[in-house]
Amino acid sequence: MADNIIVRVQSPEGMKKITSTKRETAAAFLKKVAKEFGFNSNGFSVYLNRNKTGEILSQNKALSLLKIKHGDMLFLFPSESSTTSGEIMDTATPHTSSSLPSVQEDEIDRYLAKQDGKIYRNRDPQLCRHGALGKCVHCVPLEPFDEDYLNHLDPPVKHMSFHAYLRKLTGGADKGKFAALENISCKIKSGCEGHPPWPEGICTKCQPSAITLNRQKYRHVDNIMFENHTIADRFLDFWRKTGNQRMGYLYGRYTEHKDIPLGIRAEVAAIYEPPQPPVFILQNSLELLEDPKAAAVDEIAAKLGLCKVGWIFTDLLSEDTRIGTVRYTRNKDSYYLSAEECITAGYFQNQHSNPCRLSRDGHFGSKFVTVMATGGPDNQVHFEGYQVSNQCMALVRDECLLPCKDAPELGYAKESSPEQYVPDVFYKDKDKFGNDVTFLARPLPVEYLIIDITTTFPKDPQYTFSSTQRFPIENRDILGETQDFHSLATYLSQCSSTSFLDIVSDFHLLLFLVTNEVMPLRDSIGLLLEAVKTSNEDLAQTWKKSEQWATIEQLCSTVGGQPTSSLGYGAMGGPSVPASSSSMWSCLHCTFMNQPGTEHCEMCSLPRS
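Numbering of residues begins from 1 in every chain and follows the order in which that chain's sequence is written. Note on the predicted model: pLDDT of at least 70 is required for a residue's local features to be given, and 80 or more for side-chain atom pairs to be given and counted; whole-chain, interface and lining totals, by contrast, use all residues. Here the side-chain values reflect all heavy atoms present in the structure, with hydrogen atoms and water set aside.

As annotated in an unreviewed UniProt entry, the chain carries the name Nuclear protein localization protein 4 homolog and comes from Amphilophus citrinellus. UniProt positions are given in the numbering used here, feature names are shortened, and annotations may be inferred rather than shown by experiment. Word for word, the UniProt comment on the chain under Sequence similarities (unreviewed entry) is "Belongs to the NPL4 family." Its UniProt record, at the heading Pathway (unreviewed entry), says of the chain: "Protein degradation; proteasomal ubiquitin-dependent pathway."

Rendered as structure tokens:
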């Protein structure tokens, strides 16, 4: 019994005690270790020291000769080839950094991950008692997640940046070795065989945890900036001309926001308006139709160095048309975002998830933003930016959140049914005595789901698209703003004195050149998109000499000076109907049979005459 010893073995999964004897060989001891930790014979290495020195080899030497005594600590490290499920037991490996997937993060995330991020302070002449090269508690650099610093900014910052939050997770002595971001799941875990499937059975292993809604401490985007006022004004023109609401997608890029440590800014360079029902069908609501051009728009934006960064919608009611004021309807006494808008924002954020290396799923949260044009306290149009929290994204993704019909400021957590199990959702509030009380989220104030983001315009306007003229915006035929070759001919005639690069530097014009049905240039416009992206006039002139542009000019000269046949918008706010003809007519250019009452071919957009 005196020869019996207990040796501690430390591994990334925890420590275990191995009972052995002084005379036991190293080979026999390593077999015990493999059996205890669930490895095969060559799936690990054991060392005397933490720094991987003094490896214990599988040999016939006794432990006493290797100077291993009772109570010693050895260190086990799995080999790279031992990560298959047959070699490692099913233990708590998800929280180790080695088990995280390899993810290609966004460019801005890779850039911020390399930054120092610390907040440097100057020497305080009153409190600092050291030399110029010294540091004390009054001037030592602060971490980017320091809450006191963020609260004392003007204006105060309620949410730290996402990368500051990551620094907080990966700080400390372990340097984030066990840091992992977990996506919330509201669904029953699959593969549980100890009972019948829901609704006949459920257990604690497969049952999703209850959710208590908390204020999210960080946000993925810290600022939204429109490059210039023209982008927003052109979007608002639809409401000004019709009095009806409008929705669009924001295209731009993510850059560093230097006003907040390790912050991210979403810069908006253009707004694309997808197909929406005519204004006389939906008077004061929004509905999205299927967009056959969505893939082409994303492809063009990617070649221009842009991506879809968010969506924008209007909620405007005119108060006095003579002075151009609007009603101030969204405030603390009503609501900021309705439950239906929160659910829509959560749907979009789930579609555009944020790649993240610290998540086992390869993604965490989203950088997709929501911008609303509404009336402000001064009865002028204001742009308000929002995101919904990761908890809201999970509730929307798993179809657990519903809007309330009579109260737009309230959501409702679904109840479990035979078709779907829904975990309990709670939120905390104060009762009339000032005590914190937990309530079931039926109903739920949506303020618990919202993260506000500052929306700004720069003092010095920026222009990704430098065209000074305005090519018609897509899907506005009801206003008489059609994208056809007559509109292109008119646009080119207005830009005759400017450079070719400035002429084609218009997002909506480039979309028309790629998506028109007469002569789409999707496969041959790459050089022009590169010229616009890099502001290279020589590349633009090279593309101008191509056969495709010559054909475009020929088509424009054919329709030049002809009136557009699109629907106009009448003085009473309704669509004006074009003059009717007696019968169908055949196009002279493409032989397409057109309906009566049109003066331009519906297929090639060329004039009837």
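> Give a detailed account of the pattern of salt bridges, specifying residues and quantitative values.
By convention in these notes, a salt bridge is any Lys or Arg side-chain nitrogen within 4 Å of a carboxyl oxygen on Asp or Glu. The full count for this structure, using the stated rule, is 24 salt bridges. The partner of Arg 330 in a salt bridge is Asp 315, with the nearest N and O atoms 2.7 Å apart. Here Asp 315 lies in strand 11 (residues 307-315) and Arg 330 lies in the loop between strand 13 (325-326) and helix 7 (339-351), a separation of 15 residues in the sequence. When salt bridges that share partners are traced, they join Lys 241, Arg 246, Glu 273, Arg 476 and Glu 481 into one network. Numbering goes from the N terminus for both helices and strands, where a helix is a DSSP run of H or I of at least four residues and a strand is a run of E of at least two.

> I'd like to hear about the side chain of His 508, residue by residue, with values.
Relative to the assigned elements, His 508 resides in helix 11 (residues 507-515). Relative accessibility under 20% of the residue-type maximum defines a buried residue, over 50% an exposed one, and the middle range a partly exposed one, all with a 1.4 Å probe and only protein chains included. The exposure class of His 508 is buried, given its relative accessible area of 8%. Contacts are assigned to residue pairs that have any heavy atoms within 4.5 Å of one another. Excluding residues within four positions of it along the chain, His 508 makes contact with Arg 234, Ile 271, Phe 471, Pro 472, Ile 473, Glu 474 and Gln 483.

> Tell me about the packing of helix 9 (residues 485-494) against helix 14 (residues 547-559), and name the residues and values.
For the pair helix 9 and helix 14, interaxial distance at closest approach is 8 Å and the crossing angle is 100°. Accordingly, the angle class assigned to the pair helix 9 and helix 14 is roughly perpendicular. Touching Phe 485, His 486, Leu 488, Ala 489 and Leu 492 of helix 9 are Trp 549, Ile 552, Leu 555, Cys 556 and Val 559, all from helix 14. For this classification, Asp, Glu, Lys and Arg are treated as charged, while Ala, Val, Leu, Ile, Met, Phe, Trp, Tyr, Cys and Pro are nonpolar and the rest, including Gly, are polar. For the contact of helix 9 with helix 14, the per-class residue count stands at nine nonpolar, one polar and no charged. For every element, the axis is a line fit to its C-alpha atoms; helices are fit only across the contacting stretch, and the angle between N-to-C directions ranges from 0 to 180 degrees. An angle below 35 degrees is treated as roughly parallel, one above 145 as roughly antiparallel, one from 65 to 115 as roughly perpendicular, and anything else as oblique.

> So what's going on with the sheet that holds strand 10 (residues 263-272)? Residues and values would help.
Taken in spatial order, the seven strands of this closed barrel run 8-10-9-11-16-17-23, and their pairing is mixed. In this sheet, adjacent strand axes meet at a mean angle of 35° when their direction is disregarded. Between any two strands, at least two bridges found by DSSP are needed for them to pair. Examined bridge by bridge, strand 8 (residues 223-226) and strand 23 (residues 450-456) share three bridges and lie parallel to one another. In the sheet register, Asn 223 faces strand 23, and the bridge partner there is Thr 454. Running over the sheet, helix 5 (residues 229-242) touches strand 8, strand 9 (247-257), strand 10, strand 11, strand 16 (369-375) and strand 17 (381-388) and is turned about 45° from strand 10.

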